[in-house]
Amino acid sequence: MKYEGILVPGEIGRFAEDAFGRKRISFTRKVALRMIVLALCAAGIVALFSFHAAKTEAETTLVAEWKTQIGLRGRYESRRFLLAEQMADRMADSFLAAYANPDAASSDTFSDYFYQPGDGTIRLRPEFYSGDGDGNETRPEGTGVSGFIARDRPPLTPELQRRLILSYETVAKFGPGASAEFANVHVSLPENALIIHWPGVPWGLNAASDLNMTNLSVLRSTLQAYNPERKPVWTGLYFDATAPNWTITYEKPIDRKGRHLITPSVDVSLTDLIGDVVNGGPDGTFDLILSRDGMLVAYPTGFKGLPKDAGQIEITETGHPALKKIYQRLMRTDPSQVDQANVVFDPDLDAYIASSGIDGPDWWLITIHPQAQVEARALRTAASILALIALLFGAFILTAIFVLRTSVSFPIKTMTQATHHLAEGHYGSVAGNDHNLPVCRTDEIGTLARSFQRMADKVEDMRTSLERTVAERTVELELANQQLRDQSRKDALTGALNRRAFDQDLRQAMLDAAQGTAITLALFDVDFFKPFNDHYGHVAGDRALEEVVSEIDAALPGASIYRYGGEEIAAIIPCSATNGARRAVEGAVQAVARAGIPHTMSPFGSLTVSSGAMIIPDDVDDSVEGLRTVLETVDKALYAAKDAGRNRSEWLS
């Protein structure tokens, strides 16, 4: 709620009329003038000393603020680079695990993924990017992935074909989840190939047929001949006109038994960071980004005559000694302190230099604060000190005048009582003049009383409004918290309750059973679900799980349905008799079968479920061991149903 502008123009006019339109009666002009002169003299003396003290204090405060700010910015900007390195590590681990598994992919399916367009290159099929397939159910839907294998390549051995397929699987697995944080993710191969996830940019389909990626510095820097130490590489900053974005790429070459297999890579968009640097800041503040290898990475527009959007420039080539001095100062800093937030004053620049390291590409984020900022704050502080002194002297003058016994002591007492009531929160009594404030007087005390009364009225209005707002926000917060609690118990895929909710509710159900309430616990498992996923794909599997949960939920009204794990569905069913519970569980099994979800890999021809169930005994305890016993019993019943041929339910006690 905003409190500025409490006095509207009409009210200001009425205040002016009260203050100046009536005849004002001075208490004692002579006394007032003498005390005002004394106050002015004292204020002048204090002004001679306050500026220096204020400047020292302002410098200490601002340096602490700048150090905190640059440290926070450094950690914030480092986050994206650390995430990129973690993403590349995860891609590498996933690929190596699949590569070590001979069943993970087969070179026999290479033609299902790649095709030759007739220009000498090999490219990933367009349907893997767009999703416009030819009806082949074994192909995934479009994932925004494209791939390119250059003309200049070695023979396509079965091992290379399998490695290309696994590279696609790796990019397709991690690309969608990374698109919110990064411009794109890709995997390059030393055999002049690249697989990339880049929604909106079909790079692999549009790449020029004569492109030789191993001749480009980005891919070449990962090859064993140019990177014998096999270190991860952060490329230099460059402007990607395709996006368009300021971009930096992280590359991690992966070798196995001395052989270069792939290089997982992540493109990190830095448009927001570079934009902040280029646009500069208020009051002459501006940012720079320097690299440890002596490059000026980013600078504000118009800085020292340097060209706009020139990308990285060697500091020695800028022709600016100040930049070289800043870089040398950072390089001389203790290695254990160089990446930490630091602020120093440079007399040559007449400015404060705040710096912090950025993890990943080994950059420094630097903010230059002109000394004028310290002086401006010192002036404001000195002015505040003088204003405070003036107020103190004013209070002294008023106090001295108020002690005059002519028509003063009583108003002071009245005002004091009203002030106490105001401090206790009785704004309405003050606004209603229950204390007989001298509002009818035509002198300074009358003006003060009227202003005080109006202030109390305004504060009462604001208090009432604030209490109403707090009450509304409290209700909104409680509703939001309830929504969060509900969401924390739901499975995001099926809409059923999740495993956490199941563990909580099963314990309560066991307590209820011990009190004599008849409750059935049933566990359903989708028959032949892995072949279903392998044949129809995981997306179809997800949709099938949703429909199975829906059918079970509809067949068991009043029951609580849970996704127990994977393709297992649990149900806690209030019941009055064993036979009724048996019929309900068997009805749920039959309902799934009647749904007719096609499943050519099942002997039933459609998706079915098996179920094991039991009525929770009334002598069970709610301990961990008791919980385990109930679950093991239901699990045995489930496996009995599967052993009996599936698509049925079994009951154990």
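Residues numbered from 1 in each chain as written. Predicted model: local features only at pLDDT ≥ 70, side-chain atom pairs only at ≥ 80, totals over all residues. Heavy atoms only, no water.

Q: Help me out: how do you make sense of the sheet that holds strand β12 (residues 295-298) in this one?
A: In a beta sheet, neighbouring strands pair by backbone hydrogen bonds and run either parallel or antiparallel. Strand order in this open sheet of 6 strands is β13-β12-β11-β16-β15-β14, and the pairing throughout is antiparallel. A single partner strand is all that each edge strand has here, and the edge strands are β13 (313-314) and β14 (342-346). Taken strand by strand, helix α8 (residues 271-279) contacts β11 (286-291) and β12, and its axis lies near 125 degrees from that of β11. In this fold helix α9 (residues 321-332) packs onto β11, β12, β14, β15 (351-358) and β16 (363-370), with an angle of close to 125 degrees to the strand it touches most, β16. (Pairing = 2+ DSSP bridges. Helix = DSSP H or I, 4+ residues; strand = E, 2+ residues; numbered from the N terminus. Contact = heavy atoms within 4.5 Å. Axes fitted to C-alpha atoms, helices over the stretch in contact; angles between N-to-C directions.)

Q: For this particular structure, what's the right way to read the pattern of salt bridges?
A: In a structure, side chains of opposite charge can pair up when their charged atoms sit close to one another. Per the stated rule, a full pass over the model turns up 23 salt bridges. Across the salt bridge formed by Arg 123 and Asp 119, the nearest N and O atoms sit 3.2 Å from each other. Here Asp 119 falls in the partly exposed class, since its relative accessible area comes to 25%. Note that Glu 159 is salt-bridged to Arg 163, the shortest N-O span being 2.8 Å. On the criterion of helical spacing, the pair formed by Glu 159 and Arg 163 is a turn pair, its members being 4 residues apart in helix α5 (residues 158-178). Residue class for Glu 159 comes out partly exposed when judged on its relative accessible area of 23%. By relative accessible area, Arg 163 is classed as buried at 0%. Several salt bridges converge on common partners, so that one network encompasses Glu 159, Arg 163, Glu 191 and Arg 259. (Salt bridge = Lys/Arg side-chain N within 4 Å of Asp/Glu carboxyl O. Buried < 20%, exposed > 50% of the residue type's maximum accessible area, 1.4 Å probe, protein only.)

Q: Can you walk me through the sheet that holds strand β18 (residues 560-565) in this structure?
A: In spatial order, the strands read β18-β19-β17-β20-β21; together these 5 strands make up an open sheet with mixed pairing. Edge positions in the sheet fall to β18 and β21 (649-651), since each has one partner strand and no second. Across the sheet, the axes of successive neighbouring strands diverge by a mean angle of 20 degrees, strand direction being ignored. Relative to strand β19 (residues 568-574), strand β17 (residues 519-526) runs antiparallel, the two sharing 7 bridges. Residue pairing in the sheet places Phe 524 in a bridge with Ile 569 of β19. Strands in contact with helix α16 (residues 538-555) are β17, β18, β19 and β20 (609-615); relative to β18, the strand with the most contacts, it is inclined by about 145 degrees.

Q: How should the packing of aromatic side chains be read in this particular structure?
A: The description of an aromatic ring pair rests on the distance of the ring centres and on the angle between the ring planes. Under the criterion given, the structure shown has 16 aromatic pairs. The interplanar angle of 70 degrees and the centroid separation of 5.3 Å between the aromatic rings of Phe 502 and Tyr 562 together place this pair among those described as edge-to-face. Taken together, the positions of Phe 502 in helix α14 (residues 499-514) and Tyr 562 in strand β18 put the pair 60 residues apart, joining distant regions of the chain. The buried category is assigned to Tyr 562, whose relative accessible area is 1%. (Phe/Tyr/Trp six-rings, centres within 6.5 Å; stacked < 30°, edge-to-face > 60°.)

Q: How should the nonpolar core be read in this particular structure?
A: Considering soluble globular proteins, one finds that nonpolar side chains tend to be buried as a cluster. By size, the foremost hydrophobic cluster in this structure holds 63 residues, and its most contacted members are Phe 114, Val 268, Ile 289 and Trp 363. By residue number, the principal contributor to this core is helix α2 (residues 29-99), which donates 13 residues. If sequence neighbours within four positions are ignored, Trp 363 has contacts with Phe 81, Leu 237, Ile 248, Leu 270, Ile 289, Leu 290, Ser 291, Val 297, Gln 312, Ser 356, Gly 357 and Ile 358. Formed by 30 residues, the second largest nonpolar core is a distinct cluster that contains Ala 544, Ile 569, Leu 607 and Val 609. (Core = buried A, V, L, I, M, F, W, Y, C linked by side-chain atoms within 4.5 Å.)

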